[in-house]
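Observations on chain architecture
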Amino acid sequence: NVLKGDMSLVGPRPMAVPYHEKLLGERPSAVKRYATMPGAILRYPRGKSEVTPRQVSEIESDYLEHWNIGKDIKHFFGTLMDIVAGKNF
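In short, a report on the structure. From a predicted model like this one, the values you see are computed outputs, not experimental measurements. (Residues numbered from 1 in each chain as written. Predicted model: local features only at pLDDT ≥ 70, side-chain atom pairs only at ≥ 80, totals over all residues. Heavy atoms only, no water.)

So, the nonpolar core
In terms of nonpolar packing, the biggest core is built from nine residues, these being Val10, Met15, Leu23, Ala30, Leu42, Tyr44, Val51, Val56 and Tyr63. Leucine 42 has contacts with Gly11, Pro12, Glu60, Tyr63 and His75, leaving out every residue within four places of it along the chain. (Core = buried A, V, L, I, M, F, W, Y, C linked by side-chain atoms within 4.5 Å. Buried < 20%, exposed > 50% of the residue type's maximum accessible area, 1.4 Å probe, protein only. Contact = heavy atoms within 4.5 Å.)

Below, the structure is given as C-alpha cells:
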C-alpha cells in the first residue's frame, strides 16, 4: 500500500470500526487522525497492543500536531530497532 501511494510509511494506522466509534465517543478531537493519510508505522511506547485506544489517540494527536521529518525518522528507525530486538510486539 505504501508503494501504491495509498499509505504513507510513517503515520497513524487505520483503526477497527468498534475502536474508532468508542474513541470518538470518548474523545471527539480524535477525528484529527483522518486529516492525514494513514501510515504503516507509528511507534508506541509499550507496543500498540498494550495501550488503550485513548492512549493511542493521544500519541497520534501529538504526532500530528508536532509533525516534522525528524519525528518520522525517529519512528522509522525506532521501529526497526524494536523489530531487531524483538520488542513491542
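Quick word on helix H3 (residues 69-85)
For H3, built from 17 residues, the straight-helix expectation of 24 Å at 1.5 Å per residue is met to within 8% by its first-to-last C-alpha distance of 24 Å. The complete set of buried residues in H3 reads Asp72, His75, Gly78, Thr79 and Asp82. Summarising the axial view, the buried residues of H3 lie within an arc of 140 degrees, below the 170-degree limit, and thus occupy one face. Across H3 from its buried face, at more than 90 degrees, point the exposed residues Ile69, Lys74, Met81, Val84 and Ala85. Where H3 ends, the next residue or the one after it, glycine 86, has phi of about 75 degrees, a positive value. (Helix = DSSP H or I, 4+ residues; strand = E, 2+ residues; numbered from the N terminus. Expected span 1.5 Å × (residues − 1). Arc of directions from axis to C-beta.)

What about the environment of histidine 66?
Position of histidine 66 relative to the elements: it lies in the loop between helix H2 (53-65) and H3. Under the relative-accessibility criterion, histidine 66 is labelled partly exposed at 44%. Within the structure, the side chain of histidine 66 is placed 2.9 Å from the side chain of aspartate 62, a separation counted as a polar contact. (Polar contact = N/O pair within 3.5 Å; in protein donor to acceptor, adjacent residues only side chain to side chain.)

Thoughts on the pattern of salt bridges
Overall, the coordinates contain two salt bridges when judged by the stated rule. Ionic pairing is found between lysine 4 and aspartate 6, a salt bridge with its closest N-O pair at 3.4 Å. The exposure class assigned to lysine 4 is exposed, which follows from its relative accessible area of 63%. For lysine 71, the salt bridge is made with aspartate 62, and the minimal N-O distance between the two is 3.1 Å. Residue lysine 71 is classed as partly exposed on the basis of its relative accessible area of 22%. (Salt bridge = Lys/Arg side-chain N within 4 Å of Asp/Glu carboxyl O.)

Brief notes about a nonpolar patch on the surface
Side chains of Trp67, Ile69, Ile73, Phe77, Leu80 and Ile83 sit close together on the surface and give an oily, nonpolar patch of about 620 Å² of accessible area. Inspection of the secondary structure puts isoleucine 69 in helix H3. For isoleucine 69, a relative accessible area of 56% puts it in the exposed group. (Patch = residues over 30% accessible without salt bridge, like charges linked within 9 Å, V, L, I, M, F, W, Y side chains within 5 Å. Areas by Shrake-Rupley, 256 points an atom, 1.4 Å probe, with all protein chains shown as cover.)

Let's talk about the side chain of glutamate 60
Position of glutamate 60 relative to the elements: it lies in helix H2. On the basis of relative accessibility, which here comes to 2%, the residue glutamate 60 falls in the buried class. Setting aside chain neighbours within four positions, we find glutamate 60 in contact with Pro12, Arg13, Arg33, Leu42 and Tyr44.

Things to note about the packing of aromatic side chains
A full pass over the atoms with the stated rule returns one aromatic pair. Ring geometry for phenylalanine 76 versus phenylalanine 77: centroids 5.1 Å apart, planes at 85 degrees, classification edge-to-face. A relative accessible area of 25% means that phenylalanine 76 is categorised as partly exposed. (Phe/Tyr/Trp six-rings, centres within 6.5 Å; stacked < 30°, edge-to-face > 60°.)

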